[in-house]
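Chain and residue survey
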Amino acid sequence: MDQHAAATPTQFLLNGTEVKAAPRIGERLSEMLRERLGARDVKIGCNAGDCGACTVLVDDEALCACLMPAQAAAGRRVDTLSGLVAQDPDAQRLAESFQHHQAAQCGICTPGMMVSAVALLREVPQPSEGEVADALGGVLCRCTGYRSILRAVQMAHAADTLAPAPQDLGAPARRLDGRAKVTGTERFGDDVAPEGALVARVLRSPHHRARFTFGDLDAFVAATPGLAAILTAADVPGENRFGVIPGFEDQPVFAEGETRFRGEAVACLVGEAEAMARLDLSAVPVDWTPLEAHLSPAAAQEEGAAQLHDTRAGNVMCEGRVRCGDAEAGLARAAATAEAEIETAFVEHAYIEPEAGYAEMVEGRLHVHVTTQAPAMNADGLSRVLGLPRASIRIAPTAVGGGFGSKLDLSLHPYIALAAMKTGRPVRLCYSRTESIATTTKRHPASIRVRVGADDSGRLTGMIFEGTFDTGAYASWGPTVANRVPIHASGPYHVRDYTARSRAVHTHAAPSGAFRGFGVPQSAVAQELAFDRLADALGQDALDFRLLNALRDGQPTVCGQVFDSGTGITACLEALRPAWTDALRTTAAFNDAGGRLRRGVGIAAGWYGCGNTSLPNPSTVKAGIDREGRVVLHQGAMDIGQGSNTVIAQIFARALGVPASELVLVGPDTDVTPDAGKTSASRQTFVTGNAAKRAGEALRAAILRTANAGPEAAVTLSGGTIHVEDGGRVHRLDPAQLAPDAEGYVLRAQESYDPPTEPLDADGQGVPYAQFGYAAHLAVVEVDIPLGRVRPLRIVAAHDVGRAINPLLVEGQIHGGVAQGLGMALMEEFVPGRTENLHDYLIPTIGDVPEIESHILEIPDPHGPYGAKGLGEHALIPTAPAILGAVRRATGAEVTRLPLTPARLRAALREAGHA
Amino acid sequence: MEYIAPTRLDDALAARRAGASIVAGGTDWFPAKGEAPFSGTLLDITRIEGLRGITTDAAGIRIGAATTWSEVIRADLPSAFDGLKAAAREIGAVQIQNAGTVAGNLCNASPAADGIPPLLALDATVELAGPEGTRRLTLPDFVTGVRRTALEAGEIVTAIHVPTPEAAVRSAFVKLGARRYLVISIVMVAVQLSLRAGRVHDVRIAVGAASPVARRLQELEAALEGLALADLPVAITPDRIAGLAPIDDIRADAAYRREAVPEAIRRALQLAGGD
């Protein structure tokens, strides 16, 4: 016998240093590395070998640390990212190349990617794209679309020659905060809890709908060593409900008596870490009585269906409508009409970082360190639930390992907060992958019918859109989806006789909420399909038809809003013209050769209004100069990988007139940064960017005033002195000589921006957004006819971003959006109770995303900072309809349901006559 | 409760008799455990002498039970193993192939186990060690159902044996999944054949994920005997594909699987027969 772990500690070389630890039997190597040996650069995304985030080298072989018994490391060499970057030349080259090529967005998959790449580069110093894909195929990324990662690994050998771009506005600057992401030092939600923190775990409903009663919980606590408490609805000091839209706070922290979806929380257990690891949650005394559940809007709207919420008759949560002109009359006078019916699935955000964080009481105040997209909103929500004044709550966000909308809502926050308040000790919690998928918000499944008509010249005469959205058990962002969809359902086209109605219906499923595009991606699928069919009916080229109808400056939107400038969709569509012409020719030539493979090209457009719909959503940015002459930027816009830490700084630096590298960045943190709103609705570059621009200008003005210089003066900072050069005259300001305020600033500025919008009337007429961004995508696909498989070959993405503050980050958003759109089109489907892991819920891997060609167009927006428009959601909207259009053009198959899995496509192909 | 990583098989068998749970690569053991606590003895078999690696003797090829898929990929093996190697490259991704073992794939007994069809085509047998000594079972006798095997309490799989194949045997593997990498098969097919004067002989075809346990299609194999390569596609007809029982699941419906199996067989034979 060699090893009895109970008796002998596990001893091995970790990053070149002899270490030992005494793991539990059945403990994973990943847990031992993180929790016993401090290697928090090893990330845990799934605990099932499905995501590769925890990849380490064991005796030089890449392995998932979550699949290796901790004790099996005995006598071996284990290398993690931080150790490799410190010592290994390949890792060091990768660190440079990853930053240069924007291969790390949120950074949560980066350790797994880089460690896997080190193993490859040791064997193959200059790998082909296929070799990189084979080596990195086991690591999932949800942000980048993988193309930049492929490039970064392929180019790592030339890292010495990569010169960083300047940081000026408009330059492809590396991320200001990028280094931590490639060295393993970035700290995410589960990386920050203090040693000795208690651990919380949530007890959840195993049924879609059930009545439940607890047994003797006190006795269970008393009989379980190390278990400190079990919290239930009775322990919620404030209101036991939360939500994100005023008037729709309907979700309990803990269900009371009856659960409304599988995975809904009923209790939270908190105790010592080791005790919690040994705890069998199924032993907690709860009596469940399963009840009939409605899992589709159709079932939930049937006569006699159970009501999820008393005040929402027929399970209808809310409806939205936009109407202009007379759509029926428009269709009646059309020379040709077409329609489309589409059903889409629940789509899971599948960020690789699960919800995680810790909470503690500090001098009578609650501090919550958590992965989040919306710190201020989180604090508001907690205040209501906890019955604490808002000022008593600090949200200190960690780095965020992907968000895409689902980390706007409260998830684990109330549990760790209540547990910290109850026990008086720091309490941490990290959702399991199953918990994350089963219980957090999803993209709304939609059932959509579109009818469109055009006159014989091809001009749209009318459009009618009806969409039903499955909003799940609770409201979350459902009202936003219901409002946004009718405004956007026309696409970026000019149609004056239009009716769009949306309806959000409750079911006994996980709540649907915000996901990149808020319902617009679903509606674009139906609308663009209907447009393709209409163009066919008219005998028109699909691109010509779209260009003919594209919205132009001076033309009213379906809401009656008129933009005098900045309407960029025509430019986006025109940018695709060469690729379109080429692809039509090459795909036709390919298909002429016959065979079982067919190719096709598809095209689709999208638009998205940046910021909240007709509601205030101000951002505030603060900056100051301290006595040492440092410029400190209080940047409250959450960077969830999209790059606001860099973009907001670049905007502020431009306005102030100093290089971004000279700024000291602070925050986000509700104690030290003013509210910059949530990272959602493609609003940060636009809204917070404007606040940063104003703050930069104001700070500059304060400097000039102090120096008594004119408005054209140049400001430079060096050696703690501010130099102001005004027409040959140089003023030197010594900050140490100026009087500091309470925060230590001798000069300061704080500015806000709120986009100018106006309310919508009952027909949705008004000014919903101050700006829209525009996009058009082209997809070329190859369809394997006998097997119904789709292989995207090429994506061309044209985006009007107004002004590319940072083209490198713009491209990152485009690539990531395309990959998510591709997933939505071809493989992603959450089925409650069935696809609660990352091997049944599939997202694209590095082998699934084709070459993406980006066209970044800059048609300035009059409201945007330096003309910039938002981009986050736009990048996803046209991808799925473009891919589906390409499949249709390749095969004639008519798709009615997403995702287009091989089985569904094969059925559609049979229908279309492909034996 | 302990963790044991013996180097001697006897010690492992003693632990097994005491009810220890076997772990090798952990690629199925940990996902099956999930977040639940483990209270038992964990027997790590990867350090047992003779359980790792591939050896060849007059009788055939022996794959030690703890041999990883990466070791299979790297091994110098006859072309009859090309299908097994192709399957190995499709199992999860590199991280999984570096840890997951051949025997573990059999013991996990998933209907979608990628390793089973090529081993069926190779006529592999499974060697088990137990208190009464060792015994050998054919693969169909070993894997008996969904997540069910003939492994008895107290036993450990020690090796997989493959009789020496003819040098000229060609093989191939085709996997259908809904994405590239890290994907559970919708269906998969492994084939072997010998090609003489443009005609196929000794055809072996095994299909996975279309029945509770992957299986050989003997009727079809017989029907293809002696046919010219070019005549194979039309000879692969649904009536010759007996014994499959595809189901509807999240990955595909049964109708798709029924349609995809003959097509995948055609492609696998084409791959094996091609240059």
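A quick note: this is a predicted structure, and the numbers were derived from the prediction, not measured. (Residues numbered from 1 in each chain as written. Chains lettered and ligands numbered in written order. Predicted model: local features only at pLDDT ≥ 70, side-chain atom pairs only at ≥ 80, totals over all residues. Heavy atoms only, no water.)

Digging into the overall build of chain A
Put simply, the rule reads: Each helix is a run of DSSP H or I of at least 4 residues and each strand a run of E of at least 2, with the numbering of both proceeding from the N terminus. Note that the radius of gyration is over C-alpha atoms, with the globule rule given as 2.2 Å times the number of residues to the power 0.38. Each residue is placed in one exposure class: buried if its accessible area under a 1.4 Å probe, protein chains only, is under 20% of its type's maximum, exposed if it is over 50%, and partly exposed if it falls in between. It only takes one pair of heavy atoms within 4.5 Å for two residues to be counted as in contact.
When you go through chain A residue by residue, the secondary structure sums to 24 helices and 31 strands. In terms of overall size, chain A behaves like a compact globule, its C-alpha atoms giving a radius of gyration of 28 Å where 915 residues would be expected to give roughly 29 Å. Taken along its principal axes, the extent of the C-alpha atoms in chain A is 80 × 80 × 60 Å. For chain A, with 915 residues in total, the buried portion stands at 66%. Long-range pairs, those at least 24 residues apart, make up 77% of the contacts in chain A between residues at least 6 apart in sequence.

What to know about the UniProt feature "domain: FAD-binding PCMH-type" (unreviewed entry) in chain B
So the rule is basically this: UniProt positions are given in the numbering used here, feature names are shortened, and annotations may be inferred rather than shown by experiment.
In the numbering used here, UniProt assigns the feature "domain: FAD-binding PCMH-type" (unreviewed entry) to residues 1-167 of chain B. Taken as a whole, residues 1-167 of chain B contains 31% helix and 25% strand, while its terminal C-alpha atoms sit 49 Å from one another.

Comments concerning the sheet that holds strand 18 (residues 446-454) of chain A
Residues and elements named next belong to chain A. Our working rule: At least two bridges found by DSSP between two strands are what make those strands a pair. Axes here refer to lines fitted to C-alpha atoms; in helices the fit is confined to the stretch in contact. Angles between the N-to-C directions go from 0 to 180 degrees.
An order of 12-20-19-18-13 is seen for the 5 strands of this open sheet, with the pairing classed as mixed. What marks the edges here is a single partner per strand, and that holds for strand 12 (316-324) and strand 13 (336-343). Averaged over all pairs of adjacent strands, the angle between their axes in this sheet comes to 5°, without regard to strand direction. Of the strand pairs in this sheet, strand 18 and strand 19 (residues 460-472) are connected by 9 bridges, and their pairing is antiparallel. What sits directly across from valine 452, in strand 19, is methionine 463. Packed onto the sheet, helix 15 (residues 478-488) meets strand 12, strand 19 and strand 20 (498-506) and runs at close to 20° relative to strand 12.

As for the sheet that holds strand 28 (residues 745-753) of chain A
All names here are of chain A. An order of 24-23-22-28 is seen for the 4 strands of this open sheet, with the pairing classed as mixed. Each end of this open sheet is capped by a strand with a single partner; those strands are strand 24 (663-666) and strand 28. If you compare each strand with its neighbour and ignore which way they point, the axes differ by 20° on average. Relative to strand 28, strand 22 (residues 619-626) runs antiparallel, the two sharing 8 bridges. Bridge pairing in strand 28 links threonine 620 to serine 752.

Re the domain arrangement of chain A
Residues and elements named next belong to chain A. Under the convention used in this document: Reported domain spans reflect what an automatic or database domain assignment gives. Once two parts are brought into contact, the accessible area they lose, counted with a 1.4 Å probe and summed over both, makes up the buried area.
Here chain A is described as being made up of domain 1 (1-184), domain 2 (198-292 + 352-402 + 406-439), domain 3 (442-612 + 762-911) and domain 4 (619-753). Between domain 1 and domain 4, the C-alpha centre-to-centre distance is 36 Å. Contact residues are listed per partner, giving 11 residues for domain 1 and 14 residues for domain 4. Summed over both partners, the interface of domain 1 with domain 4 comes to about 930 Å²; 51% of that surface belongs to carbon and sulfur atoms.

Some points on the pairing of strand 13 (residues 199-208) of chain B
For a regular strand, side-chain orientation follows a simple rule: the groups alternate between the two sheet faces. Residues and elements named next belong to chain B. When you tally the buried positions in strand 13, you get 7 out of 10 residues, the bulk of the element. Note that strand 12 (residues 187-196) and strand 13 share 8 bridges and pair antiparallel. Following the sheet pairing, valine 191 is matched in strand 13 by isoleucine 205. What sits between strand 12 and strand 13 in their antiparallel hairpin is a turn of 2 residues, with alanine 197 showing a positive phi close to 55°. Pairing analysis gives 2 bridges linking strand 13 to strand 14 (residues 215-216), with the strands arranged antiparallel.

What about the interface of chain B and chain A?
Convention followed: The salt bridge definition used is simple: a Lys or Arg side-chain nitrogen within 4 Å of an Asp or Glu carboxyl oxygen.
Taken residue by residue, the interface counts 52 residues in chain B and 65 residues in chain A. At the boundary of chain B with chain A, total buried surface from both sides reaches about 4800 Å², with 55% on carbon and sulfur atoms. Considering only the side of chain B, the residues that lose the most area to chain A are B:Tyr3, B:Gln95 and B:Arg179, jointly responsible for 16% of the buried surface there. Inspection of the chain B/chain A interface yields 6 salt bridges.

Concerning the packing of helix 3 (residues 89-100) of chain A against helix 6 (residues 147-154) of chain A
How two helices pack is summed up by the angle between their axes together with the distance between the axes. Residue and element names in this part refer to chain A. What counts is decided by this rule: Roughly parallel here means an angle under 35 degrees, roughly antiparallel means over 145, roughly perpendicular means 65 to 115, and every remaining angle is called oblique. Helix crossings are classified by the rotation of the near helix relative to the far one: an anticlockwise turn of less than a right angle makes the crossing left-handed, while a clockwise turn makes it right-handed. Asp, Glu, Lys and Arg are counted as charged, while Ala, Val, Leu, Ile, Met, Phe, Trp, Tyr, Cys and Pro are counted as nonpolar; the rest, among them Gly, fall into the polar class.
Remark: helix 3 packs on helix 6, axes separated minimally by 8 Å, with the N-to-C direction vectors making an angle of 140°. The orientation of helix 3 relative to helix 6 falls into the category oblique. Between helix 3 and helix 6 the crossing geometry is right-handed. Taken together, the residues of helix 6 that come into contact with helix 3 (itself represented by Leu94, Ser97 and Phe98) are Ile149, Ala152 and Val153. A breakdown of the residues in the contact of helix 3 with helix 6 according to their chemical character gives 5 nonpolar, 1 polar and no charged.

Some details on the environment of A:Thr586
Position of A:Thr586 relative to the elements: it lies in helix 19 (residues 577-592). A:Thr586 sits 15 residues away from A:Val601 along the chain, and the two C-alpha atoms are 9.6 Å apart.

What about the pairing of strand 19 of chain A?
Residue and element names in this part refer to chain A. How we decide: With its strands directed away from the observer, a crossover is right-handed exactly when the path from the first strand over the helix to the second travels clockwise.
For strand 19, a buried count of 11 out of 13 residues is recorded, marking the element as mostly surrounded by other parts of the structure. As consecutive antiparallel partners, strand 18 and strand 19 are separated by 5 residues, and within that stretch glycine 458 has a phi angle of approximately 105°, a positive value. In the sheet, strand 19 pairs with strand 20 via 9 bridges, with the strands oriented parallel. Its bridge partner being in strand 20, glycine 472 is matched across the sheet by histidine 506. For the crossover from strand 19 across helix 15 to strand 20, the handedness is right-handed.

Topic: the side chain of A:Lys181
Residues and elements named next belong to chain A. Under the convention used in this document: Counted as a polar contact is a pair of N or O atoms within 3.5 Å, where, for protein atoms, one must be capable of donating a hydrogen and the other of accepting one, and residues adjacent in sequence contribute only when both atoms are in side chains.
Along the chain, lysine 181 falls in helix 7 (residues 179-183). By relative accessible area, which is 4% here, lysine 181 ends up buried. A distance of 3.0 Å separates a polar side-chain atom of lysine 181 from the backbone oxygen of glutamine 105.

Points about unusual backbone geometry
All names here are of chain A. That bond from glycine 667 to proline 668 is cis: its omega, -5°, falls within 30 degrees of zero. With respect to the helices and strands, the residue proline 668 is situated in the loop between strand 24 and helix 21 (684-707). The omega angle of the peptide bond from leucine 898 to proline 899 is -5°, so this bond is cis rather than trans. Of note, proline 899 is situated in the loop between helix 23 (879-891) and helix 24 (902-911). Residue aspartate 59 is not a glycine yet carries a positive backbone phi of 45°. Take aspartate 59: it is sitting in the loop between strand 3 (55-58) and strand 4 (61-64). For aspartate 59, a relative accessible area of 32% gives the class partly exposed. One non-glycine residue, tyrosine 866, lies in positive phi territory at about 55°. Tracing the sequence through the fold places tyrosine 866 in the loop between strand 31 (851-857) and helix 23. By relative accessible area, tyrosine 866 is classed as partly exposed at 23%.

Comments concerning the confidence of the model for chain A
Rules: pLDDT is a per-residue confidence score from the predictor, ranging from 0 to 100.
Confidence along chain A averages 97 in pLDDT terms, with 99% of residues attaining 70 or more. Within the model, the stretch residues 1-6 of chain A combines pLDDT values under 50 with 17 contacts to residues more than four positions away or in other chains.

Digging into helix 22 (residues 807-826) of chain A
Given 3.6 residues per helical turn, the α-helix brings residues three or four places apart onto the same face. All names here are of chain A. Note the following rule: Between the first and last residue of a helix there are one fewer steps than residues, each counted as 1.5 Å, and that sum is the expected span.
With 20 residues, helix 22 should reach 28 Å at 1.5 Å per residue; the first-to-last C-alpha distance of 28 Å fits that figure. Counted residue by residue, helix 22 has 18 buried out of 20 residues, so it is predominantly covered. You can read the cap of helix 22 off the contacts: a side-chain oxygen lies 3.0 Å from the backbone nitrogen of leucine 808, and it is on asparagine 806.

Points about the nonpolar core
Most often, soluble globular proteins keep nonpolar side chains buried together rather than apart. How we decide: In this text, buried Ala, Val, Leu, Ile, Met, Phe, Trp, Tyr and Cys residues form a nonpolar core when linked through side-chain atoms within 4.5 Å.
Formed by 177 residues in total, the largest nonpolar core has its most connected members in A:Phe98 and A:Val153. Of all the elements, helix 16 (residues 520-538) of chain A adds the most residues to this core, at 10 residues. Ignoring anything within four residues of it in the chain, the contact list for A:Phe98 reads A:Ala103, A:Ala104, A:Thr110, A:Met113, A:Met114, A:Ile149, A:Ala152, A:Val153 and A:Val182. Counting residues in each nonpolar core, the second largest holds 80 residues, with B:Ala20, B:Val23, B:Ile63 and B:Trp69 among its members.

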